[in-house]
Amino acid sequence: MAVAAARLPVEAGFLRVEHLTKDFDGVGAVVDVSLDIAKGEIFALLGSSGCGKSTLLRMLAGFETPSSGRIVLAGRDLAGLPPYERPMNMMFQSYALFPHLTVADNIAFGLKRERMPAADIRDRVDAMLRLVQLAPYARRKPHQLSGGQQQRVALARSLAKQPQVLLLDEPLGALDRKLREQTQIELVNIIETVGVTCVMVTHDQEEAMTMASRVAVMSEGRLLQVGAPAEIYETPASRFVADFIGNVNLMEGTLDVDEADHCVIGCADVRHYVGHGISGHPGMRVTVALRPEKIHLSRTPPNFRDFNAVQGTVAELSYFGSYTVYHLRLPSGATLKVSQANTHRHRDDPLTWGDAAWAHWSRSAHVVLTH
Amino acid sequence: MDAPTTLAAKLRTRVHGRWVVIGVPFLWLLVFFLLPFLIVLDISLSEMGTVRPNELLSWRDGVLTLTLRFSGYSLVAQDTLYLTAYVASLKYAFWTTLLCLLIGYPFAYFMARARAAVQPALLMLVMLPFWTSFLLRVYAWKGLLSPDGWAWDLIVGLGLDPVLVALGLIPAPGKLMHTPFSLVIGMVYTYLPFMVLPLYGTLAKLDLRLLEAAQDLGARPWVAFWTVTVPLSRAGIVAGSMLVFIPSVGEFVIPELLGGPETLMIGRVMWDEFFANNDWPMASTVAVVMILMILVPLAVFHKVQAEAQEPRS
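Peer 1: I tried to follow the packing of helix α3 (residues 80-113) of chain B against helix α11 (residues 234-249) of chain B on my own but got confused; where do I start?
Peer 2: Helix-helix packing: each pair is described by the crossing angle between the helix axes and the interaxial distance. Residue and element names in this part refer to chain B. Packing of α3 against α11 leaves a shortest axis separation of 9 Å and a crossing angle of 145 degrees. Viewed along their axes, α3 and α11 form a crossing whose handedness is right-handed. Listed contacts from α11 to Ser89, Leu90, Ala93, Phe94, Thr96, Thr97, Cys100, Leu101 and Tyr105 of α3 are Ile237, Ser241, Val244, Phe245, Ser248 and Val249. When grouped by side-chain class, the residues that make up the contact of α3 with α11 number ten nonpolar, five polar and no charged.

Peer 1: Help me understand the domain arrangement of chain B in this model?
Peer 2: The figure often quoted for interface size is the accessible area lost as the parts come together. Residues and elements named next belong to chain B. Assigned domains of chain B: these are domain 1 (2-66) and domain 2 (79-309). Put simply, the middle of domain 1 and the middle of domain 2, counted by C-alpha atoms, are 33 Å apart. In this complex, domain 1 contributes nine residues to the contact, which on the side of domain 2 involves eight residues. Looking at the side of domain 1 facing domain 2, the largest losses of area belong to Phe37, Ser44 and Met48, adding up to 50% of the total buried there. Counting every contact that joins domain 1 to domain 2 gives zero salt bridges. If you look at where domain 1 meets domain 2, you find zero residue pairs in polar contact (both at pLDDT 80 or more). Looking at the side of domain 1 that touches domain 2, its residues break down into six nonpolar, two polar and one charged.

Peer 1: How do you make sense of the sheet that holds strand β6 (residues 88-91) of chain A when you look at a structure like this?
Peer 2: Remark on secondary structure: sheet strands pair via backbone hydrogen bonds, oriented parallel or antiparallel. Residues and elements named next belong to chain A. The strand order β6-β7-β8-β3-β9-β10 describes an open sheet built from six strands, whose pairing is mixed. Both outer strands of the open sheet, β6 and β10 (222-227), are each paired with one neighbouring strand and no more. With strand direction ignored, the average angle separating the axes of adjacent strands in the sheet is 20 degrees. Looking at chain direction, β6 and strand β7 (residues 165-169) are connected through four bridges and run parallel. Looking at β7, one finds that methionine 88 is bridged to valine 165. Strands in contact with helix α5 (residues 177-194) are β3 (42-46), β7 and β8 (197-202); relative to β7, the strand with the most contacts, it is inclined by about 165 degrees.

Peer 1: Teacher, can you tell me more about the environment of leucine 123 of chain B here?
Peer 2: Along the polypeptide, leucine 123 of chain B turns up in helix α4 (residues 119-127). With residues up to four places along the chain from it excluded, the contact list for leucine 123 of chain B reads Met111, Leu197 and Tyr200 of chain B.

Peer 1: Got a minute to help me understand the pairing of strand β12 (residues 263-267) of chain A in this structure?
Peer 2: Within a regular beta strand, the side chains point alternately toward one face of the sheet and then the other, so they alternate between its two faces. All names here are of chain A. Of all five residues that make up β12, five are buried, and the element is covered over most of its length. Here β12 shows two buried faces, one formed by Cys263, Ile265 and Cys267 and the other by Val264 and Gly266. In this antiparallel pair of consecutive strands, strand β11 (residues 249-258) and β12, the connection spans four residues. Bridge count between β12 and strand β13 (residues 271-274): four bridges; the pairing is antiparallel. Residue pairing across strands places glycine 266 opposite arginine 271, the latter belonging to β13. The antiparallel pairing of β12 with β13 creates a hairpin that spans three residues between the two strands.

Peer 1: What is the right way to look at the pattern of salt bridges in this model?
Peer 2: Side chains that differ in charge, positive against negative, can pair when their charged atoms come close. Residues and elements named next belong to chain A. Across all of its chains, the model carries 20 salt bridges over all chains by this definition. Linking arginine 70 and aspartate 77 is a salt bridge whose minimum nitrogen-to-oxygen distance equals 3.4 Å. Classification of arginine 70 by relative accessible area gives partly exposed; the value is 37%. For aspartate 77, a relative accessible area of 32% translates into the label partly exposed. Among the ionic pairs, aspartate 204 bridges to arginine 180, the shortest N-O distance being 3.9 Å. Of this pair, aspartate 204 sits in the loop between β8 and α6 (205-211) while arginine 180 sits in helix α5, and the two are 24 residues apart along the sequence. The same class applies to aspartate 204 as to arginine 180, namely buried. Because the salt bridges share partners, they merge into one network encompassing Arg16, Glu18, Arg70 and Asp77.

How each quantity is defined
- The numbering scheme is per chain: residues are counted from 1 as the chain's sequence reads.
- Written order determines the labels here, with chains lettered from A and ligands numbered from 1.
- Local features in a predicted model are, by the rule used here, given only for residues with pLDDT of at least 70; side-chain atom pairs are given and counted only at 80 or more, and totals for whole chains, interfaces and linings are based on all residues.
- Water and hydrogen atoms play no part in the side-chain values, which are based on all heavy atoms of the structure.
- Under this scheme, a helix contributes an axis fitted over its contacting stretch, all axes are lines through C-alpha atoms, and angles between N-to-C directions fall in the 0 to 180 degree range.
- Working definition: helices are DSSP H or I runs of at least four residues, strands are E runs of at least two. Numbering for both runs from the N terminus.
- Crossings are sorted by hand: turned counterclockwise from the far helix by less than a right angle, the near helix makes the crossing left-handed, and turned clockwise it makes it right-handed.
- What makes two residues a contact is simply this: any of their non-hydrogen atoms within 4.5 Å.
- Polar here means any residue outside two lists: the nonpolar Ala, Val, Leu, Ile, Met, Phe, Trp, Tyr, Cys and Pro, and the charged Asp, Glu, Lys and Arg; Gly therefore counts as polar.
- The source of the domain bounds is an automatic or database domain assignment.
- Accessible area that two parts lose when put together, evaluated with a 1.4 Å probe and summed over both, is termed the buried area.
- Here, a salt bridge means any side-chain nitrogen of Lys or Arg that lies within 4 Å of a carboxyl oxygen of Asp or Glu.
- Whenever a nitrogen or oxygen atom comes within 3.5 Å of another N or O atom, the pair is scored as a polar contact, on the condition that within protein one atom can donate a hydrogen and the other can accept it, and that pairs from neighbouring residues in sequence are kept only if both atoms are in side chains.
- We treat two strands as partners when DSSP finds at least two bridges between them.
- Burial here depends on accessible area, computed with a 1.4 Å probe over protein chains only, as a share of the maximum for the residue type. Under 20% is buried, over 50% is exposed, and the range in between is partly exposed.

The following block contains the structure:
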């Protein structure tokens, strides 16, 4: 899934955020956030609206002053540096292109402020237009372009000054779904070609996972987990992260057995056999997180029914084309979400509403959350 | 399927409705602007009779005769009285517009940037003077600018009157009334709201993220103001300037009350032709030339408006 996952951090600690806090009238918009972003990395801040990710980005750009904490870029503390002196450029949400300037003049705007010689500006603008494949549109005004083209002008404008850090605020939020998927890959390719360090803000987990090498999940101003997309998805550190990223079944239970190589957790409908220890104590309350796609569904009972298997009835099913999501009603009345890839065009005996079915999963399918 | 016919019927009613909406003001302008203008044009080309101008068309010796008299226009071109009055009108209208812009722009700017809750109150304050008669407000300036009026005390007290003398705005220290100075004060005071309101309209609509984008790209706030705010408020600047300039050129009351002998403007000349000389054709000629002078800036205004609203392609 992750296009950019192969990118390795080259130089750790290039952009450091240290205990950054921002209060608005006593309410913490960002609370004690520390980050360490490597040079050349694409780093995503992911969270729902109002989680503080945009405030954090605006502090990086210099539009908001931190209440406390530091932002250090390549060893230099950025405190007190106004936006127009920071070696960072932002691609704004819905682009904020200058409507009275042509595409070329929009891209040249930052270069003119540097008092770059006119010939150099022309060369740089041409190079940027080629980079985003908009050379034929140089003389157009922004309102004469499509949404996707405007997005590329915004990107070219923010890259023209060759910033040390590129800030992206909901870079694809204004595009429709089909265009978004294509643009994600294009955008990552351009950023990688330029080799700029990139911090992006998004509420779209797919966008974060596809584009970023590392993702930071934020909620209520706090940083909940930082890691590679696969790490965040497969080993969420908390109920919130497990629930926020993708679909998940969360089951409350009690730790019965806890050995070095396995543990057993008893829940209302099923006993879980987990293929690793969790160094807890028996009787401890834990939550088991189980992704719907890691569960198998069959009419016939599995070989082992003592653990990791439960029978239920299909209460609801949603067909998504490439996969189907079943809502299985369990004996306790709880619902188990199961997603099955539709690998065949026609099933002989497809499961339907009211059918009884067995759900079962492997010993490595779970994530045990102790808080 | 009767859906298309219903849609067509709907469209038809909508088209009728549109004609009514456009037609009423159109008819108004036709009856109360174009026709009177044609009458004025007619009079300007007529011979003055004993009581009223002669008809352009007349039966003379059994022949239908059209008599056009262009002597009024040649007189306007030759007699320096008219030229001086036109130049004075344009000059005072220009300074009034410029001062209104210089005072009105920051005013509108900070009004548009004020907290949303305060903005209606500020807007109210701009319009408050309209609640008092225009004539009374202009008369009030007579008192304020006469010796021992508040404004007179302030200006003379601060020792500003020698500066005004040096600028040629007043003839001697302490004499503020009936000078170009008092005239321009009165005109700027009267027309300022007409500058502020359209400017406020465009500045309030300005997307503040554009200024952030400019700063992000290295523009200091002052540079961002000149490269983004000013160009994007051009429509408001043009609209406000036209609203001030056009009525200023033909202004009659303010120069009459606050102006002096050296501030003879075209409105006064027209008045004299009509009521002192009883020369209707000459007065009409002066009026026609003035309208032509105003039409030029109006044409510029429309061109700019059309450019601002250029269709999306």
